[in-house]
Amino acid sequence: MAAPHDGPWLDDAAGRLVRPYTVSNGRTRPTTQLDLLSQVMATGSTPLGYLGPEHSAALGLCGAPTSVAEIAAQLKLPAVVAKVILCDLLDSGALTMKAPDFYHNPTDRSLLEAVLDGLRRQL
């Protein structure tokens, strides 16, 4: 039985009822270069064309700048599928994107310790 907030797309026993590649219409390559750390945010514009339930859900998560990784996790989709969905929204003008700031060393010990500390506080 699906949880009330999951709708018809998930089933407790069977798992995901719609395969990820069908969500992206079989597409596996995003139209824009998105990193998992890229931040996307809703523009307030109404997207043109058809939006599937995943598109609407992704758009709903983008009220504030949100990383591609976070959206993929919230949608329970593989990152590449989430990137395709987000690119659809970017192409329609519903989202704006900011590339990650690579001036910071992602393997910087102090950064990694801060992330670890934040994760520990969440648990």
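Here, the structure is the one placed above.
Caption draft 1: A look at the environment of glutamine 39. Its place among the elements puts glutamine 39 in strand β3 (residues 39-42). Placed 29 residues apart in sequence, glutamine 39 and valine 68 show a C-alpha to C-alpha distance of 6.4 Å.

Caption draft 2: Highlighting the nonpolar core. If you look at the biggest cluster of nonpolar residues, it comprises 16 residues, and the most contacted ones within it are Leu34, Val40, Ala58, Ile71, Leu86, Leu89 and Leu95. Ranked by residue count, the leading element in this core is helix α4 (residues 79-91), at six residues. Apart from the residues lying within four places of it in its own chain, the contact partners of isoleucine 71 are Val40, Ala58, Leu61, Cys62, Thr66 and Leu86.

Caption draft 3: Looking closely at the pattern of salt bridges. Applying the stated criterion across every chain, the model contains two salt bridges. Glutamate 113 is the partner of arginine 109 in a salt bridge, and the nearest nitrogen-oxygen pair spans 2.9 Å. Here arginine 109 and its partner glutamate 113 are both found in helix α5 (residues 109-122), four residues apart, which amounts to about one turn of the helix. The shortest N-O distance in the salt bridge between arginine 121 and aspartate 117 comes to 3.0 Å. With arginine 121 and aspartate 117 both in helix α5, this residue pair falls four residues apart, about one helical turn.

Caption draft 4: The arrangement of the sheet that holds strand β4 (residues 66-67) in detail. With respect to topology, three strands assemble into an open sheet ordered β4-β3-β5, the strand pairing being antiparallel. Bordering the open sheet on either side are β4 and β5 (95-98), each of which pairs with just one other strand. Bridge analysis of β3 against β5 gives four bridges, and the strand direction is antiparallel. Opposite alanine 42, over in β5, you have leucine 95 as the bridge partner. Where α4 meets the sheet, its contacts fall on β3 and β5, and the angle it forms with β5 comes to roughly 115°.

Caption draft 5: Structural detail: the packing of helix α3 (residues 68-75) against α4. Where α3 meets α4, the closest approach of the two axes is 9 Å, and the angle between their N-to-C directions is 105°. In terms of axis orientation, α3 runs roughly perpendicular to α4. Of the residues in α4, those touching α3 at Val68, Ile71 and Ala72 are Ala79, Ala82, Lys83 and Leu86. Its residues placed into classes, the contact of α3 with α4 shows six nonpolar, no polar and one charged.

Rules used throughout
- Residues numbered from 1 in each chain as written.
- Predicted model: local features only at pLDDT ≥ 70, side-chain atom pairs only at ≥ 80, totals over all residues.
- Heavy atoms only, no water.
- Helix = DSSP H or I, 4+ residues; strand = E, 2+ residues; numbered from the N terminus.
- Core = buried A, V, L, I, M, F, W, Y, C linked by side-chain atoms within 4.5 Å.
- Buried < 20%, exposed > 50% of the residue type's maximum accessible area, 1.4 Å probe, protein only.
- Contact = heavy atoms within 4.5 Å.
- Salt bridge = Lys/Arg side-chain N within 4 Å of Asp/Glu carboxyl O.
- Pairing = 2+ DSSP bridges.
- Axes fitted to C-alpha atoms, helices over the stretch in contact; angles between N-to-C directions.
- Parallel < 35°, antiparallel > 145°, perpendicular 65-115°, else oblique.
- Nonpolar A, V, L, I, M, F, W, Y, C, P; charged D, E, K, R; others polar.

By themselves these figures say nothing about function.
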